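# Structural features, examined
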Amino acid sequence: MKPAQILDFLKTRVGLFQFLSHDRLTDLVNGANVVSYEPKEAVVEFGEEASFLGVLLEGDLSASVIADGGQREVIQRLKAGDTFGEMALMSSDKIMVDFIAETRCQVLRIPVALFQSIFLTEPGAIKYLTKTVVNRFKEMMADPAKATAAFRQSEDPYGLLLKGERPEKILVINCGSSSLKYTFFDTENESKTARGQVERIGAQGTRLVHRGPSGEVVRDLSECGYEDAFRAMLRELIAPETGVIHEPSEISVVGHRVVHGGEQFSEALVIDDGVLAQMETLNPLAPMHNPVNITGVREARRVFPAVPHVAVFDTAFHHTLPSYAYLYGLPYAYYEQKGVRRYGFHGASHEYVCLRAAQYIKRRVNELEIVSCHLGNGASLCAVDHGRSVDTTMGFTPGEGLIMGTRCGDLDTGVVAYLEREEGLTGRQLDELLNQRSGLLGLSGISSDMREVEQAAEDGNHRALVALKAFSYRVRKYIGAYLAAIGGLDVLIFTGGIGQGSAGVRSLALQGLQCMGIHLDDHRNRNARGFDEICRISTDDSPVTVLIVPTDEERMIARETLRALGRSYLKRVWEAHRNEPFPIEVSAHHIHLTQEHVEALFGQGHQLTRQSDLSQPGQFACQEQLRIVGPKGSIERVRVLGPTRKATQVEISMTEQFKLGIHPPIRESGDLAGTPGCTLEGPAGNVTLDQGVICALRHIHMTPADALRYGVKDKSTVRVRVPGDRELIFGDVRIRVDPNFRLAMHIDTDEANAANLQTGVLGYIDGIQSQD
């Protein structure tokens, strides 16, 4: 169809578009694209992100699932004029069915950003969509077998297959002090992935190594700088024999690894001149890394001037560290004025392997306690509590924590003063000693390469054996520390060159940890193919699952690049509504009870007594109150909220944890695994909880229509601006979407008191941090 025909078709055949003006319809048609499909070809597959609203222009489609018996069950048949994808777009879930062409079809694909920007100001269209979603949901739930099949586990729940709103050809750049590493991804064709690097930039022996669909190519280059290195990379990417594109203009977005994001950058974001200037202010925090990263950004922007560039920060994953984990015991002024704190690194690797591990064991990452061990020439551990990094071994610089290839890791600060005093070493000399001549190299006197150290140890070299044992001991010590820090462990991950490749290091690192539920299967460990696939190396009955997960930082950078691009596309949505406020409500400590516990505390057959309705429909404050008792103290007259729930939950503020003598994590309501317990005292008896006490994660309740209007999804994380004489920003605010919610943000009493806020103040979405 031609654009004019599509315009007429939408006006006369598709009810949803009756609410749009001619101009808005024209904008929509111009921004959408028409795709043809042959019979039996998949239009959208189960488990994909909702990246567009589909309008069937010609032909027939079926929405189907694979039932338990393996046969395909058709849930719905679509004809010309029908739309699809609304359920996923409005609910923020993945696509729940396979849409397959039954005849030759033409589909108008409206990208999600265009869908949101066009429809969000049209109340009639939103009501129409909501009604459509409800009817489709009822139709699906009418057949229990089909509903069960539709809700099966997604093949790609975390977007690691790199499917964006539109086809993208992504170039990932990692510019180091003497190297240029690059990876090319085609979101429409995984087989075109290519990886390479230019080594020894600025020195003799410069060469390029390129691995693509046609195999590996090694080319010697004359001594060159970064401009020549980029030129050599481009030649290889477009080479007729080994290339994956025909011309540089095919690249549609460039993602850049940037080592240090400081406190300013907690997410990947599109680079402009302002962002680049901010990045340069962080150079003093990572003088060996950030300046050369920025050099790569500038050169890439020169080579690819017409496409967006995205910065992905190593430190961003660790922005959720609590202050007690990131602060040093130095005078506080050094943190406030100089930014001296623990930042953590290897964020892309730690996040990637956690997502892959959760996918492998078929559980949600935000219900798991994970310790990730990235062991390579640079090495770090990360404690991940329900998807959030809560501690990591690297600190202000990558030199803290584990023994590494050439870095010493943890060190008594007195040693530095001693060497300065006794040996006369300058700051520059100390930096070179601690970062380039220590670690495995310094201890063994042989090499920074663990493979060579292990071989020397096997040959009887005493210093090599000591280096191997010291490295493994430090890993083992931190595993135990992090198990204590997060209060349990579901999954332990090994990744990186050593973590994936050394059965000996893995064995030594886990030696004696059976008491913590970590049971290594020696046969699986010895025979694991850790560079090729995810391998389980724990025994079948091990309480903790131990996995080797091959890392892919470049894929993670590409994923974050796509997400940042999506946030950029959506920026105009929330910018259009940044002046549209929502109420903020202060939530005091309270208790949710099961009916069993209601009767144990208030008497047999007791029903909760409604005192007053709360802002969220169906929820109410009760007349009943309880005493919360902890190991140290108690809190009197804590109100119970109704109705009853499936699990008893106690929500307190951060300051109240000290009064009780417990340390609850910051969690979403209902996420209670691994939380501490307490005793509840009522008039008819007591109940002792093994778990259930949390500090609630700040959040905003929204309906699907609200979420569509603000350009966010369920589980999105946003920043919220509260204006006033002392304007402030709340970060890490979780979006919770449900048709029964009423628009309101909830913070606890500590946050309200610190900000001098009261219930009824207004907030505004200031930015989208993530769209998980």
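Anything mentioned here points back to the structure above.
Since we're looking at a predicted model, the values are computed, not measured.

## Notes on the packing of aromatic side chains
Under the counting rule described, the total for this entry stands at eight aromatic pairs. Each ring, one from Tyr 326 and one from Tyr 335, has its centre 5.8 Å from the other, and the planes form 45°; the classification is tilted. On the basis of relative accessible area, Tyr 335 is assigned to the buried category, the value being 15%. Note on Tyr 332 and Tyr 335: the rings are 5.5 Å apart at their centroids and 65° apart in plane angle, and the pair reads as edge-to-face. Here the residue Tyr 332 and the residue Tyr 335 both occupy positions in helix 11 (residues 332-338), the gap between them amounting to three residues, near one helical turn. Counting every residue linked through ring pairs, the aromatic cluster contains Phe 52, Phe 84 and Phe 99. Positioned above the aromatic ring of Tyr 326, the side-chain terminus of Arg 341 is 3.7 Å from the ring centre.

## What about the packing of helix 1 (residues 3-13) against helix 2 (residues 22-31)?
With their axes 10 Å apart at the nearest point, helix 1 and helix 2 run at an angle of 125° to one another. Comparing their axes, helix 2 and helix 1 come out oblique. Both helix 1 and helix 2 take part in a crossing whose hand is right-handed. Here helix 1 contributes Pro 3, Ile 6, Leu 7, Leu 10 and Lys 11 to the contact with helix 2, which in turn contributes His 22, Leu 25, Thr 26, Leu 28 and Val 29. Residues that form the contact of helix 1 with helix 2 fall into these classes: seven nonpolar, two polar and one charged.

## Overview of unusual backbone geometry
Of the consecutive residues Gly 642 and Pro 643, the connecting peptide bond is found in the cis state with omega at 0°. Unusually for a residue other than glycine, His 386 sits at a positive phi of about 55°. Tracing the backbone shows His 386 in the loop between strand 18 (379-385) and strand 19 (388-392). A relative accessible area of 7% places His 386 in the buried class. Notably, Asp 732 is not glycine yet its phi reads approximately 55°, a positive angle. If you trace the backbone, Asp 732 turns up in strand 35 (residues 728-737). Among the residues examined, Asp 732 registers a relative accessible area of 18% and is labelled buried.

Reading the values: the criteria
- Residues numbered from 1 in each chain as written.
- Predicted model: local features only at pLDDT ≥ 70, side-chain atom pairs only at ≥ 80, totals over all residues.
- Heavy atoms only, no water.
- Phe/Tyr/Trp six-rings, centres within 6.5 Å; stacked < 30°, edge-to-face > 60°.
- Buried < 20%, exposed > 50% of the residue type's maximum accessible area, 1.4 Å probe, protein only.
- Helix = DSSP H or I, 4+ residues; strand = E, 2+ residues; numbered from the N terminus.
- Lys NZ or Arg CZ within 6 Å of the ring centre and 35° of its normal.
- Axes fitted to C-alpha atoms, helices over the stretch in contact; angles between N-to-C directions.
- Parallel < 35°, antiparallel > 145°, perpendicular 65-115°, else oblique.
- Left-handed = near helix turned anticlockwise from the far one by under 90°.
- Contact = heavy atoms within 4.5 Å.
- Nonpolar A, V, L, I, M, F, W, Y, C, P; charged D, E, K, R; others polar.

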